[in-house]
Amino acid sequence: MMQIELRQQLGLRQQLVMTPQLQLAIKLLQLSRLELEEHVRQEMVENPVLEEAPAAAAEDGDGQEEAPAAAAPEPATAETPPARTSDADIDRFLQNHAAEPPRMPRPERPEEYPQDHDERYAVRNTLVDHVEWQVKMGEFSDQERQLALMIVGNIDRDGYFREPPLEDLAVEVGLDAEDAEALLETIQEMDPPGIAARDLRECLLAQARVFGLEPAIVRMIDKHLPDIEKRNYAAIARAVDLDIEDVYAAAQIVATLEPRPARNFVTDDTCYVIPDLEVKRSGDEWIVVTNDDGLPRLRISRYYRDLAGRDAKARQYIREKVRSAQWLIRSINQRQNTMLRVTQRIVERQREFFEHGVAAMRPMTLKDVAEDLGMHESTIGRVTTNKYVQTPHGILELKSFFHSRIRRVDDDDISSEAVRSRIRKLVEAEDPSEPCSDQQIMRMLADSGIVIARRTVAKYREAMGVLNSSRRKKCF
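Residues numbered from 1 in each chain as written. Predicted model: local features only at pLDDT ≥ 70, side-chain atom pairs only at ≥ 80, totals over all residues. Heavy atoms only, no water.

*Asks:* Looking at this model, I keep getting lost on the overall build of the protein chain. Mind explaining?
*Replies:* Summing up its helical and strand segments, the protein chain has 23 helices and eight strands in all. Counting all 476 residues of the protein chain, 40% fall into the buried class. In the protein chain, the proportion of contacts linking residues at least 24 apart, taken out of those at least 6 apart, comes to 68%. Just so you have it, the protein chain exposes about 28,700 Å², and 48% of that area is on carbon and sulfur atoms. (Helix = DSSP H or I, 4+ residues; strand = E, 2+ residues; numbered from the N terminus. Buried < 20%, exposed > 50% of the residue type's maximum accessible area, 1.4 Å probe, protein only. Contact = heavy atoms within 4.5 Å. Areas by Shrake-Rupley, 256 points an atom, 1.4 Å probe, with all protein chains shown as cover.)

What follows is the structure, given as structure tokens:
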């Protein structure tokens with residue numbers, strides 16, 4: 001018969017414990033600048049102890065703990081949690097400031113309306129509104145107007161009507177296929193021309209009808225659009241019985257048509273990138289500074305310090321909120337310091353890039369920087385993701401400085417970004433009538449000691465948005 005007994009055993013094992021401070025430090029480290037601002041604003045709403053220090057108070061230095069700070073004498077890594085704060089330290093902190101008069105927040109001046117206030121809050125008509133207005137103003141039957149509004153309601157971002165099938169909508173409203181096709185053709189000739197087309201050919205044909213283009217051009221769009229895209233003008237000339245010069249001139253006219261009818265109705269606001277850091281030149285050295293403009297400078301409110309001395313229950317509540325506030329402030333300072341250290345190391349390794357540009361960028365991996373700073377590779381990944389730096393060559397993501405290594409025959413290794421830059425320069429310097437093929441580019445790179453495969457050249461070229469040689473060719 002099996003016997004069950006209880007016994008105690010002593011064992012030793014290693015285990016990583018994620019303290020709340022460490023979890024907060026890691027969370028803040030991987031946030032982008034906008035996400036950090038949003039997180040800080042949310043913490044200020046939830047934690048009444050936190051308040052934003054005015055600029056004058058920050059300059060006077062009233063002895064309160066604030067964040068963010070540009071630098072610290074001994075910056076900690078993201079893998080080290082902020083220093084623990086005991087209840088005795090918090091009690092001492094509250095007692096030292098209890099005698100000070102409470103500072104009530106000053107009423108802020110009402111912000112003036114920005115110059116673009118009217119433009120910002122103006123109601124803009126969408127593409128659907130614009131086309132629906134034309135449909136409602138047209139002479140259609142009830143069934144045709146219903147079908148037209150259903151078509152307009154299914155227009156995609158580019159201005160195309162790709163689904164559902166027109167036949168299904170026609171059956172739903174009780175129209176036959178021929179009337180539905182005629183109605184769709186009428187909609188396609190509305191403003192903007194080519195709207196609600198089902199493919200590029202229909203879109204360009206509608207514009208050709210509206211603009212009254214010559215029958216030869218209409219026939220080229222209808223029957224030879226793939227050849228126009230490939231610039232195969234000789235085949236088109238043989239098919240339409242025209243001189244190649246006339247075909248080329250007609251293709252130039254086709255190129256002026258709009259392939260995306262909804263382009264002018266896209267109302268997405270432009271998103272501007274605010275750099276987290278800036279690299280400046282000072283003499284022969286490159287220095288890195290953090291950009292703290294726009295980030296709230298946090299401090300612990302004196303009003304609640306005074307309130308803590310009046311009520312025991314309030315004191316316990318405020319003690320917890322002060323602890324949470326100190327963790328947040330120190331974690332933000334630690335985030336800024338870690339970003340500063342990583343960027344300084346990147347600048348040291350990529351000095352030639354800052355002096356000469358993209359063509360001089362060196363190969364570098366996350367592991368290289370992690371080993372230099374004694375951090376984990378995942379920490380460097382968190383620091384460089386969605387973080388931007390202002391350089392003499394523009395605003396770049398920190399992640400863009402890390403590229404794979406490409407071997408050279410009799411020289412140092414080169415980064416993949418530098419190879420892309422060379423391919424771009426070779427394409428820009430080529431003869432437009434005889435563009436370089438991927439094979440020729442591969443040979444020219446090999447002559448300079450960069451040995452890569454032809455498919456690698458094609459991959460880099462496509463990543464840069466450069467067309468292939470047949471589509472780059474210009475006959476005249």
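That shown, we press on.
*Asks:* What exactly am I supposed to notice about a negative patch on the surface here?
*Replies:* Residues D241, D243, E245 and D246 make up a contiguous surface patch of negative charge. Relative to the helices and strands, D241 is located in the loop between α13 (233–240) and α14 (244–255). (Patch = residues over 30% accessible without salt bridge, like charges linked within 9 Å, V, L, I, M, F, W, Y side chains within 5 Å. Salt bridge = Lys/Arg side-chain N within 4 Å of Asp/Glu carboxyl O. Lys, Arg positive; Asp, Glu negative; His and termini not counted. Charge placed at Lys NZ, Arg CZ, Asp CG, Glu CD.)

*Asks:* Explain the packing of α13 against α14 to me, please; I cannot follow it from the model alone.
*Replies:* For any two helices packed against each other, the geometry is given by the interaxial angle and the distance between the axes. The contact between α13 and α14 brings their axes to 9 Å, and the two run at 110 degrees. Regarding the angle of α13 to α14, the classification is roughly perpendicular. Here Y233, A234, I236, A237 and V240 of α13 lie close against α14, whose contacting residues are I244, V247, Y248 and A251. For the contact of α13 with α14, a count of residues per class yields nine nonpolar, no polar and no charged. (Axes fitted to C-alpha atoms, helices over the stretch in contact; angles between N-to-C directions. Parallel < 35°, antiparallel > 145°, perpendicular 65-115°, else oblique. Nonpolar A, V, L, I, M, F, W, Y, C, P; charged D, E, K, R; others polar.)

*Asks:* How should the packing of aromatic side chains be read in this particular structure?
*Replies:* To describe a pair of aromatic rings, you give the distance between the ring centres and the angle between the ring planes. According to the stated counting rule, one finds five aromatic pairs in the structure shown. Between the aromatic rings of W286 and F354, the centroid separation amounts to 5.6 Å while the plane-to-plane angle is 40 degrees, which identifies the pairing as tilted. Residue W286 is located in strand β3 (residues 285–290), and its partner F354 is located in helix α17 (residues 351–356); the two are separated by 68 residues in the primary sequence. Of the two residues, W286 and F354, neither departs from the other in class, the shared state being buried. Centre to centre, the rings of F354 and F401 are 5.8 Å apart; their planes meet at 20 degrees, and the pair counts as stacked. With a gap of 47 residues between them, F354 in helix α17 and F401 in the loop between β6 (394–397) and β7 (405–406) connect regions that are remote in the sequence. Accessibility assignment for this pair places F354 and F401 in one class, buried. (Phe/Tyr/Trp six-rings, centres within 6.5 Å; stacked < 30°, edge-to-face > 60°.)

*Asks:* When you look at the pattern of salt bridges in this model, what are you seeing that I'm missing?
*Replies:* Where side chains of opposite charge bring their charged atoms close, a pairing between them can arise. All chains considered together, the criterion is met by 17 salt bridges. Among the salt bridges present, the one from D222 reaches R201, with a minimum N-O distance of 2.7 Å. Of the two residues, D222 sits in helix α11 (residues 215–223) while R201 sits in helix α10 (residues 200–211), which places them 21 residues apart along the sequence. Of the charged contacts in the structure, one is a salt bridge between R263 and E258, with a shortest N-O distance of 3.0 Å. A residue is classified by how much of its surface remains accessible, and R263, at 38% relative accessible area, is partly exposed.

*Asks:* I'm lost on the sheet that holds strand β5 (residues 388–391) in this one. Help?
*Replies:* Think of a sheet as strands paired side by side through backbone hydrogen bonds, with each pair either parallel or antiparallel. If you trace the four strands from one edge of the open sheet to the other, you get β3-β2-β5-β6, paired in mixed fashion. Looking along the sheet, the strands with just one partner apiece sit at the ends: β3 and β6. Across the sheet, the mean angle from the axis of one strand to that of its neighbour is 30 degrees, orientation sign disregarded. Of the strand pairs in this sheet, β5 and β6 are connected by four bridges, and their pairing is antiparallel. (Pairing = 2+ DSSP bridges.)

From the geometry alone we can't say anything about function, so treat these as descriptive.
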